[in-house]
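Read off the chains here:
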Amino acid sequence: MSEMIVITREELNPDDFTCLVRRDENGAVVTFLGTTRDTFEGKRVIRLEYEAYEEMAYRKLEEIRQELKAEFGLEDVAIGHRIGVVDIGEISLVVAVGSPHRSEAFYACHEAVNRLKHSVPIWKKEFYEGGEHWVACEDHEFNEGAEAAPQAAPAGND
Amino acid sequence: MELSVRFFALYRERAGCNLAKVTLPEGTTVADLVAAVRDRFPQLAPPDVKIVVAVNEEYAELETSLQAGDEICFIPPVSGGQANPDTSP
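Residues numbered from 1 in each chain as written. Chains lettered and ligands numbered in written order. Predicted model: local features only at pLDDT ≥ 70, side-chain atom pairs only at ≥ 80, totals over all residues. Heavy atoms only, no water.

Turning our attention to the environment of B:Val55. Residue and element names in this part refer to chain B. Along the polypeptide, Val55 turns up in strand β3 (residues 52–55). Along the chain, Val55 and Ser65 lie ten residues apart, while their C-alpha atoms are 9.8 Å from each other. Residues contacting Val55, with those up to four places away along its chain left out, are Val30, Ala60, Leu66, Asp70 and Glu71. (Helix = DSSP H or I, 4+ residues; strand = E, 2+ residues; numbered from the N terminus. Contact = heavy atoms within 4.5 Å.)

Encoded structure:
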């Protein structure tokens, strides 16, 4: 497995990932940081906790890397995901893309984040004042509250 | 044959354990396994919610046949962020 993918309980340093994708062939580097937000549906979030099925998460992240390299004709994609307890304002995700041209770097970085939120088995739990909540993508979420409508089979994104 | 099922995140909390062992006949499919596990852990998810299963680190179809020794995990909806209405370029 590539060292271009890291799943760790330690703090993520974005420079580590940016450095991995900087090469003389590349004219553009885009680095995305996902940082932990302090509110959820109007409630104050105190901290977050991420849990991963690590073996599969590495595998799915590597699949995404390979897809993006093929689709956007670039060589350099590095992804870091933090797990465990993450305090507010810290970095939980880093995606760095290096490409000869900027357009591909922006698109590939955007796609990487979208895809990993849909297919990589990493879960986020938000702890807020008065409760806790596992977060899911809206289009995957099963709304199980009393008011929830029955869900049909996933029909793709809106 | 005996199969082991790992639970993560929401499912782990609801099941109250991270591993369940289930004995099912040879030729059992993912659908059969899900039904058996739902019987034992009805609190896992409401009946109308589809449970996603990974077999040997890949998302599996309901009709996938299972073998003894398969690594089986029940996968709750994955984490975070807003669903993105953008389509791919």
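There is more to say after this.
In terms of nonpolar packing, the biggest core is built from 31 residues, with A:Leu61, A:Ile79, A:Val95, A:Val97, A:Leu116 and A:Val120 touching the most fellow members. Counting only elements with at least two residues in this core, the list comes to β1 (5–8), β2 (28–35), β4 (43–52), α2 (54–72), β5 (76–82), β7 (91–99), α3 (102–119) and β8 (122–128) of chain A. Take this core: its biggest share by element is six residues, from α3(A). Sequence-distant contacts of A:Ile79, defined by excluding residues within four places in its chain, comprise A:Met4, A:Ile5, A:Val6, A:Phe17, A:Leu61, A:Arg65, A:Leu93, A:Val94, A:Val95 and A:Leu116. Residues B:Tyr11, B:Phe41, B:Ala45 and B:Val53 belong to the second largest nonpolar core, which totals 24 residues. (Core = buried A, V, L, I, M, F, W, Y, C linked by side-chain atoms within 4.5 Å. Buried < 20%, exposed > 50% of the residue type's maximum accessible area, 1.4 Å probe, protein only.)

Take unusual backbone geometry next. Residues and elements named next belong to chain B. In this structure, Ala9 takes a positive phi of about 50 degrees despite not being glycine. Note that Ala9 resides in helix α1 (residues 9–15). Even without glycine at this site, Asn56 takes up a positive phi of about 50 degrees. Within the secondary structure layout, Asn56 lies in the loop between β3 and β4 (58–59). Take Asn56: its relative accessible area is 36%, and that puts it in the partly exposed class.

Let us look at the sheet that holds strand β1 (residues 2–7) of chain B. Residue and element names in this part refer to chain B. Within the open sheet, the five strands sit side by side as β2-β1-β5-β3-β4. Their pairing is mixed. The open sheet has two edge strands with one neighbour each: β2 (19–23) and β4. The pairing of β3 with strand β5 (residues 72–75) spans four bridges and is antiparallel. Its bridge partner being in β5, Val53 is matched across the sheet by Phe74. Contacts from helix α2 (residues 30–40) reach β1, β2, β3 and β5 within the one sheet, and its direction differs from that of β2 by about 115 degrees. (Pairing = 2+ DSSP bridges. Axes fitted to C-alpha atoms, helices over the stretch in contact; angles between N-to-C directions.)

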